[in-house]
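So you can see what is in the structure, the chains are spelled out below.
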Amino acid sequence: MTPRELADQICGTLRRNGQQAYLVGGCVRDLVLGREPSDYDVSTDARPERVQELFPHSLAVGAKFGVILVVENGAEVEVATFRSDIGYSDGRHPDRVVFSDSPEEDVCRRDFTINGLLMDPATRDVLDFVNGRADLDAGIVRAIGDPRVRFAEDKLRMVRAVRFAARFGFQIEPGTLAASQGLAAQITQVSTERIREELTKLLTEGAARRGFELLDQTGLLAVVLPDVARMKGVEQPPQYHPEGDVWIHTRMMLEKLPANCSPTLAWGVLLHDVGKPPTFAPPTGPGSRIRFDGHVEVGARMAEGISRALRFSNDDINQIEALVANHLRFKDVHQMRQATLKRFVRLSRFDEHLELHRLDCLASH
């Protein structure tokens, strides 16, 4: 059974038992855009205990927030009761929820208008209480209601606004952008793991360059990855890097990352020159050039520290550090002894080292 078949089945069962039931959120957005959703969510006026009664194979993953996970034949769908959220003391979860019979009331607590659409699974008619269809048509990411309130409820929504805008090639609505710029410093209230997951999605959904440019524009980049933000304006020797400074070079590499690429490759690309800003040395006289002596070794240590701070697994930390540490070795291949070359090509996940080198060349001359 596919998630879509299960979602339709859940809605049918709920409706036959006198309940309201709609597809909701990202799956409706994707269906309207003509994309195949990766997962499906259902919204209903049925209370959590009623959902569990109707679907014995379900898990109370967030019952106090009205969320039940229905599992059938290898497929799973989240079913959430219509609700209003009251207070967000921890900046992520509501202090309490009030269940509702109104789909409109439920939609108004959600993050962005493009994610606030409901769909009747029987007729495929779309219910739109927040002008989400208009924003989809115009290519705009806009917070529902007051963006400052939406972001105060969950600071990670600021990064999610960037990710949706990058993924779909949309613009962030000016008021939503301004709210993010004003609250960017508060992103540190979000757990490291959640930030890491959003940034990894930003890097691997096929629009990494646009995503990191927006991350910079919102002010979030300097807070979540200050060592990457420091790449801006760090000039490079034009004979090796005619494209421009370290930030331009890195963005050119990010632009070439395909959707669904390896997360460690993506982070290796982002951090491969992170050691250049602290090792920058200007020309000292005629015939000399900008130098970054030791930037590989410094960068490898920094990459290890950044990935450890973001709480990657030990395997991923080692791979990201190795990608940074080895990214200049390809230029020495012709001078390597055979035994050294064999050790080099036997590095774990060597295909990622090769791909990072390829992108590095394509983004210079």
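Counting from 1, residues in each chain are numbered in the order their sequence is written. Only residues with pLDDT of at least 70 are given local features in this predicted model, and only at 80 or more are side-chain atom pairs given and counted; all residues enter the totals for whole chains, interfaces and linings. The side-chain figures draw on all heavy atoms in the structure; neither hydrogens nor water molecules are used.

J.: Honestly, the environment of K276 in this entry has me stumped. Any pointers?
T.: Helix and strand assignments come from DSSP, with helices taken as H or I runs of at least 4 residues and strands as E runs of at least 2, each series counted from the N terminus. Take K276: it is sitting in helix α15 (residues 276-279). Each residue's exposure class comes from its accessible area (1.4 Å probe, protein chains only) as a fraction of the maximum for that residue type: buried when under 20%, exposed when over 50%, partly exposed otherwise. Assessed through its relative accessible area of 5%, K276 is described here as buried. Separated by 22 residues in the primary sequence, K276 and V298 have C-alpha atoms spaced 8.3 Å apart. Whether two residues are in contact is decided by their heavy atoms, any of which lying within 4.5 Å being enough. In this view, K276 contacts Q236, H241, V246, F292 and H295; residues no more than four positions away in its chain are not counted. At a separation of 2.7 Å, a polar atom in the side chain of K276 contacts the side chain of Q236. N or O atoms closer than or at 3.5 Å make up a polar contact, with two conditions inside protein: a donor-capable atom paired with an acceptor-capable one, and, for residues adjacent in sequence, both atoms drawn from side chains.

J.: What's the story with the packing of aromatic side chains in this structure? I'm lost.
T.: Centre distance and the angle of the planes are the two values used to describe a pair of aromatic rings. Within 6.5 Å between ring centres, the rings of Phe, Tyr and Trp (the latter by its six-membered ring) count as paired, and their orientation is classed by plane angle as stacked under 30 degrees, edge-to-face over 60, tilted in between. Here the structure, examined in full by the defined rule, presents nine aromatic pairs. When the ring of W267 is compared with that of F312, the centres are 5.4 Å apart and the planes differ by 80°; the resulting orientation is edge-to-face. On the criterion of sequence distance, the pair formed by W267 in helix α14 (residues 263-271) and F312 in the loop between α16 (295-309) and α17 (314-326) is long-range, its members being 45 residues apart. The pair formed by W267 and F312 is uniform in burial state, with each residue classed as buried. By the ring-pair criterion, three or more aromatic residues cluster together here, those being F112, F151, F164, F168 and F170. Positioned above the aromatic ring of F164, the side-chain terminus of R163 is 5.2 Å from the ring centre. Lying across the ring of F312, R196 places its NZ or CZ 5.6 Å from the centre. Should the NZ of a Lys or the CZ of an Arg lie within 6 Å of a ring centre and within 35 degrees of the ring normal, that charge is described as sitting over the ring.

J.: Honestly, the pattern of salt bridges in this entry has me stumped. Any pointers?
T.: In a structure, side chains of opposite charge can pair up when their charged atoms sit close to one another. Should a side-chain nitrogen of Lys or Arg be within 4 Å of a carboxyl oxygen of Asp or Glu, the pair is scored as a salt bridge. Applying the stated criterion across every chain yields a total of 30 salt bridges. When the shortest N-O distance is used, the salt bridge between R209 and E213 registers 2.8 Å. Taken as a pair, R209 and E213 lie in helix α10 (residues 208-217) at a separation of four residues, close to a single helical turn. Take E213: its relative accessible area is 26%, and that puts it in the partly exposed class. Taken together, the salt bridges that share partners define one network made up of D111, R160, R163, R167, E198 and E205.

J.: Where do I start with a nonpolar patch on the surface in this structure?
T.: Exposure above 30% relative accessible area and no salt bridge define the residues that can form patches, which grow by joining like charges within 9 Å and nonpolar side chains of Val, Leu, Ile, Met, Phe, Trp and Tyr within 5 Å. Here the open area of atoms and residues is found with the Shrake-Rupley method and a 1.4 Å probe, where only the protein chains shown may cover a residue. A surface patch of nonpolar side chains, amounting to about 230 Å² of accessible area, comprises L59, V61 and V71. With respect to the secondary-structure elements, L59 resides in strand β3 (residues 58-62).

J.: Just checking my understanding: could you explain the environment of Q319 for this structure?
T.: Mapped onto the secondary structure, Q319 falls in helix α17. With 90 residues separating them in the primary sequence, Q319 and A229 have C-alpha atoms 22 Å apart. With residues near it in sequence (within four places) discarded, Q319 still touches T264, S348, R349, E352 and H353.

J.: Help me understand unusual backbone geometry, please; the structure alone is not making it clear to me.
T.: Most peptide bonds take the trans form, and the phi angle of most residues other than glycine is negative. Phi angles above zero are rare outside glycine, and R124 is one such case at about 65°. Residue class for R124 comes out partly exposed when judged on its relative accessible area of 29%. Non-glycine residue R311 carries a positive phi angle of around 65°. The residue R311 is located in the loop between α16 and α17 in this model.

J.: Looking at this structure, how should I read the environment of L117?
T.: Looking at where L117 falls in the secondary structure, it is placed in strand β8 (residues 117-119). The class of L117 is buried, set by a relative accessible area of 0%. Taking the C-alpha atoms as reference, L117 lies 9.6 Å from Y22; in sequence the two are 95 residues apart. Beyond its immediate chain neighbours, meaning those up to four positions away, L117 contacts L23, V24, G25, V28, V32, V126, L127, D128, G132, R133 and L136.

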